[in-house]
Amino acid sequence: MRLERLSIRGLGPFREESEIDLRALDGARIVAVVGPNGAGKSTALELFPGALYRQAPTRGSLAGLAVDRAAYVEAEVVNGQRYRIRQTVDGVSGKGEASVIDADGVPLVESGKVRAYDAWAATYLPPPEVLYASTFAVQGRGGFLEMKPADRKAVLLRVLGVERLEALAELGRERARRAKEDLRVVEARLGDARCGALAPEDAETELQAARTAAAAADEDRASARAALEQAQERRREVELAVTRAREVRERRAALNARIRDLRARREDLEERARNNRTVLERGDEIRAAVARAEELDTALKAADSAIARLSAERAEHVAGERRARDAAAAAEGRADRAAERAGLYHDRLLDRHDVENAAAGLESARSDMARAEAWLRDVEDRYEELRGRRLAGAEDRIVKLRAGLERIESIARDAGGDAVVVAQKTLTDDDEMARAARQFPSDLENADRDLRQAREELDRAKRSLARRERLAARASEMEAAAADLSAAKREEREAREEAAGMREDAAQAAQRAAGVDVGAAEAERQRMAQERAELAPRLKLAGPLAQAEARIAELTRQLDEVMAELERAEAEAAALPPAEDAPPVPDVAGPEEAVRTAEERSRQRHADVVLAERALDEARAVASRVAELQAERARLDEALADWTRLAQDLGRDGLQAAEIDAAGPELTELVNDLLHGCVSRRWTVTIETTRRSADGKKQIEGCDVRVLDTERGRDAPVETFSGGERVLIGEAVSLALSVLACRRAGVEAPTLVRDESGAALDPVNGRAYVAMLRRAADMIGASQVLFVSHAPELQELADARIRVDGGRIVIEEG
């Protein structure tokens, strides 16, 4: 996602309107965000996702940041297409509104309600977890490395865009649950239908099988006892040979491995040569098929000519019928297209009433905006007059008090006049001034309220005027649509009349053509075409036949080389001193267990005979319903297996795991590219999407990050490394995720944000950190990389700076 412009007012320290226009930094790839602590650098950057999700990652909701009743943040972003997103917040009530406008100025969220905006954002914007794990690194958060393996896997799944697979898997699981429930019902019905009894023929078969199994079990018991005695004797013999054979076997192991590899290569080459020779062996058959196909092609052409001659008379009538039907179809097509155009023009005219009303009220809307502007100017003048009156009133009060004191002093000095009267008059005048001063805050508050209302009224008037102007501009379009509607209806009527006449002509031509018969010639041609089609499989081998001859020569040369190398290896093995290959030590426990099993089986089989004899007496009939239920059960079994397999294949352990496994090597390569190219080759990162269980018997899905530290000679999880080391490694992983996410989503020129993610680094590693940002920007094609830094040496490495201080934002190029 690319940020182009961010406008802020009334949020955090930005009480007045402030703007970051990154389009002015054309050519500046790395941009440092600088300023004193607490100036609002992080707040400014976090208002970028705040505009998208109505929530800053560490500063909380926009309502909590608002210091004005008309606070807002507006972001112009490019995410597939250009959007202007505006979030407005009332700092007193906490209520907000949201709007989205596309590149053509068309609103995408009509109501302005935040719930409607959230629904739009969930569809068209990336999830915040993906943004914070990749392109936007938040101050004080560890990012991808601080997550648990399951959370890392979830983020990686969202980066790869495979949430749709989980939705399909859940659908498969739901269908499987339904099939399982239906199967349970059918099995219950099947059990009721059978009533626990077998068909008589089945019972007889089972009885015979039980008797046969009992006899076989007796034979198996005797065989097992004999095998046990042989195994025990053989075990004693083999144990003596095992020790002698071990040393020779170990000496020959390496050479045998080499011989096996050569033999495997030989078998592969021989198999490939046999495959090609198989094609050559069918050469005569293939060439005969090609010749026969050419004969049939010639015969088919002759048959076509004969059919054409026989169809001469019929063709004229058929052509006349076809022309008439084509003309009728064309007329119907014109009529349908005219009707479709009429429908479109009718739909356009549905907005005619709104357009006419908008044009009629255009002057009224302009007058309303002019009155709102005039009202705003009057309120602003009154507000400024009240603010000026406050200072002037205080000065007037001081002047009058000083004048009264001077008169009292003069009266006292001259010992004449009434000083008490003058003092009382002075105090009375001062009381009047004090009452006016106490009234002033209320007057100023009322003026401030009027000022906000005037601004809101002006905003409403501007929006109303803009909407009416857009609608009024469509007046000429409405007039053209009305004329087009009339013409389309007339064209439709004429075309349908013409089509009716053409259909009548076509019916007459069809009657004249019905008497012509070309069936015999067409039947013969169909027979030859069928024969020609049956030759198709052999004709497809004509191309591979030529290729097989050249391929056999190459395979023969390779096979000669392998045979020569194998002969040398076998000769070398033969030169070794002979060694006896000791046979494996027989397993006595197995035959012993086999004897016990055979004896138990014999007892069980004899018991089965007794049970089968009883079952034969009990089984008499099975209803026809059993067969129907069995068929239904088979169908449900198949459906359950299909839906279960589909859910597994689409689930976390299926295609999703395959996507993760495929992304692991790519992500590992990107991380190591950043580390090795910008930091050093000391660390090599491996991102493992699977690991073995504790018993080593199965693979467990996960997302572990391991680091090979060549300087310390250890290979360990990233969690065991120091904080500064994890900063560089984590930044490399986060930037690699950004690259992977943008590659998979086809994002062009995104904006990367790093809020003091490298603050804990020393100057040397800090320079490597900036180099890594620049390398990632080149890999991803980023428009800008914004990073917060207090270190002057890192700020100097940037192409431009954005200074935040005193609630103001200033862009400094160069």
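Residues numbered from 1 in each chain as written. Predicted model: local features only at pLDDT ≥ 70, side-chain atom pairs only at ≥ 80, totals over all residues. Heavy atoms only, no water.

**Examining the overall build of the protein**
Point 1. Looking only at helices and strands, the protein features 22 helices and 16 strands.
Point 2. When contacts within the protein are restricted to residue pairs at least 6 apart in sequence, those whose partners lie at least 24 apart make up 74%.
Point 3. For the protein, the accessible area works out to roughly 46500 Å², and carbon and sulfur atoms hold 49% of it. (Helix = DSSP H or I, 4+ residues; strand = E, 2+ residues; numbered from the N terminus. Contact = heavy atoms within 4.5 Å. Areas by Shrake-Rupley, 256 points an atom, 1.4 Å probe, with all protein chains shown as cover.)

**Things to note about the sheet that holds strand S7 (residues 81–89)**
Point 1. Pairing in this open sheet of five strands is antiparallel, and the strands run S2-S1-S6-S7-S8 from one edge to the other. Only two strands of the sheet have a single neighbouring strand rather than two, namely strand S2 (18–21) and strand S8 (96–102). Neighbour-to-neighbour, the strand axes of the sheet open up by a mean angle of 10°, direction not taken into account.
Point 2. In terms of strand pairing, strand S1 (residues 2–9) meets strand S6 (residues 71–79) through seven bridges, oriented antiparallel. (Pairing = 2+ DSSP bridges. Axes fitted to C-alpha atoms, helices over the stretch in contact; angles between N-to-C directions.)

**Overview of the packing of aromatic side chains**
Point 1. Going through the model one piece at a time under the given rule, you end up with four aromatic pairs.
Point 2. Taking the centre distance of 6.4 Å and the plane angle of 80° together, the rings of tyrosine 769 and phenylalanine 787 count as edge-to-face. With tyrosine 769 in helix H21 (residues 763–780) and phenylalanine 787 in strand S14 (residues 784–788), this pair connects stretches of sequence that are 18 residues apart. The two residues tyrosine 769 and phenylalanine 787 agree in class, both being buried.
Point 3. Through a chain of ring-to-ring contacts, the aromatic side chains of Tyr83, Tyr117, Trp120 and Tyr124 assemble into a single cluster.
Point 4. Note that arginine 86 overlies the ring of tyrosine 72, its terminal NZ or CZ placed 3.8 Å from the centroid.
Point 5. Over the face of the ring belonging to phenylalanine 721 we find arginine 714, whose NZ or CZ atom lies 4.1 Å from the ring centre. (Phe/Tyr/Trp six-rings, centres within 6.5 Å; stacked < 30°, edge-to-face > 60°. Buried < 20%, exposed > 50% of the residue type's maximum accessible area, 1.4 Å probe, protein only. Lys NZ or Arg CZ within 6 Å of the ring centre and 35° of its normal.)

**Remarks on the pattern of salt bridges**
When the charged atoms of two side chains lie near each other, side chains of opposite charge can form a pair.
Point 1. Taken as a whole and assessed by the stated rule, the structure comprises 38 salt bridges.
Point 2. Between arginine 5 and glutamate 76 there is a salt bridge, and its shortest N-O distance comes to 2.9 Å. Remark: glutamate 76 occurs in strand S6 and arginine 5 occurs in strand S1; sequence separation between them is 71 residues.
Point 3. Taking relative accessible area as the criterion, arginine 5 reaches 9% and is therefore assigned buried.
Point 4. Among the charged side chains, a network of salt bridges with common partners joins Arg5, Glu19, Asp21, Arg23, Glu74, Glu76 and Arg86. (Salt bridge = Lys/Arg side-chain N within 4 Å of Asp/Glu carboxyl O.)

**Details of unusual backbone geometry**
Point 1. With a phi close to 65°, arginine 54 is a non-glycine residue in the positive phi region.
Point 2. Within the element layout of this structure, arginine 54 appears in the loop between helix H1 (41–53) and strand S4 (55–56).
Point 3. What makes arginine 54 partly exposed here is its relative accessible area of 27%.

**Quick word on the pairing of S14**
Point 1. Counting buried residues in S14 gives five out of five residues, a clear majority hidden from the surface.
Point 2. Of the two faces of S14, both are covered, the one formed by Gln784, Leu786 and Val788 as well as the one formed by Val785 and Phe787.
Point 3. Sheet analysis places strand S13 (residues 751–754) next to S14, joined by four bridges and oriented parallel. Bridge pairing links valine 753 to leucine 786 in S14.

**Focus on a negative patch on the surface**
Point 1. Among the surface-exposed residues, Glu201, Asp202, Glu204 and Glu206 lie close enough to one another that they form a single negatively charged patch.
Point 2. Within the fold, glutamate 206 resides in helix H7 (residues 200–281).
Point 3. Since its relative accessible area comes to 41%, glutamate 206 is described here as partly exposed. (Patch = residues over 30% accessible without salt bridge, like charges linked within 9 Å, V, L, I, M, F, W, Y side chains within 5 Å. Lys, Arg positive; Asp, Glu negative; His and termini not counted. Charge placed at Lys NZ, Arg CZ, Asp CG, Glu CD.)

**Structural notes on the environment of leucine 674**
Point 1. You can see leucine 674 is positioned in helix H19 (residues 655–678).
Point 2. Distance in space between the C-alpha atoms of leucine 674 and arginine 775 is 6.9 Å, their sequence separation being 101 residues.
Point 3. Every residue in contact with leucine 674, bar those within four places of it in the chain, is listed here: Val679, Ala732, Leu735, Ala736, Met772, Arg775, Ala776 and Met779.

**Thoughts on the nonpolar core**
Point 1. In terms of nonpolar packing, the biggest core is built from 50 residues, with Val671, Val685, Ile729 and Phe787 touching the most fellow members.
Point 2. The set of elements that each furnish at least two residues to this core consists of strand S3 (30–34), helix H5 (149–160), H19, strand S10 (683–692), strand S11 (699–709), helix H20 (723–745), H21 and S14.
Point 3. Looking at this core, the element that brings in the most residues is H20, giving eleven residues.
Point 4. Beyond its immediate stretch of four places on either side in the chain, phenylalanine 787 contacts Ile30, Val31, Ala32, Val33, Arg754, Tyr769, Val770, Leu773, Leu794 and Ala798. (Core = buried A, V, L, I, M, F, W, Y, C linked by side-chain atoms within 4.5 Å.)

**Some remarks on the pairing of S3**
Point 1. Within S3, five of the five residues are buried, which leaves it mostly tucked inside the rest of the structure.
Point 2. Of the two faces of S3, the one carrying Ile30, Ala32 and Val34 and the one carrying Val31 and Val33 are both buried.
Point 3. With four bridges connecting them, S3 and strand S15 (residues 800–805) associate as parallel partners. Considered in S15, the bridge of valine 33 is made with isoleucine 802.

**Description of the side chain of asparagine 79**
Point 1. The residue asparagine 79 is located in strand S6 in this model.
Point 2. A relative accessible area of 18% means that asparagine 79 is categorised as buried.
Point 3. A distance of 2.9 Å separates the side chain of asparagine 79 from the backbone oxygen of tyrosine 124, its partner in a polar contact.
Point 4. Look past the residues within four positions of asparagine 79 in its chain and what remains in contact with it is Met1, Tyr124, Leu125 and Pro126. (Polar contact = N/O pair within 3.5 Å; in protein donor to acceptor, adjacent residues only side chain to side chain.)

**A short note on the environment of alanine 487**
Point 1. Note that alanine 487 resides in helix H13 (residues 475–513).
Point 2. Along the chain, alanine 487 and alanine 338 lie 149 residues apart, while their C-alpha atoms are 8.6 Å from each other.

**Things to note about the environment of alanine 210**
Point 1. Take alanine 210: it is sitting in helix H7.
Point 2. Owing to a relative accessible area of 8%, alanine 210 belongs among the buried residues under this scheme.
Point 3. C-alpha of alanine 210 to C-alpha of valine 610: the two residues are 400 residues apart in sequence and 8.8 Å apart in space.
Point 4. Filtering out sequence-adjacent residues up to four positions away, alanine 210 remains in contact with Arg605, Asp608, Val609 and Ala612.

**So, helix H3 (residues 114–124)**
Point 1. Every buried residue of H3 is accounted for by Tyr117, Trp120 and Ala121. End-on, the buried residues of H3 take up no more than an arc of 100°, which puts them together on one face. Exposed residues pointing more than 90 degrees away from the buried face of H3 are listed as Arg115, Ala122 and Thr123.
Point 2. In this structure, the buried side of H3 is in contact with H1, S7 and S8. (Arc of directions from axis to C-beta.)

Any link to function would need more than the numbers given here.
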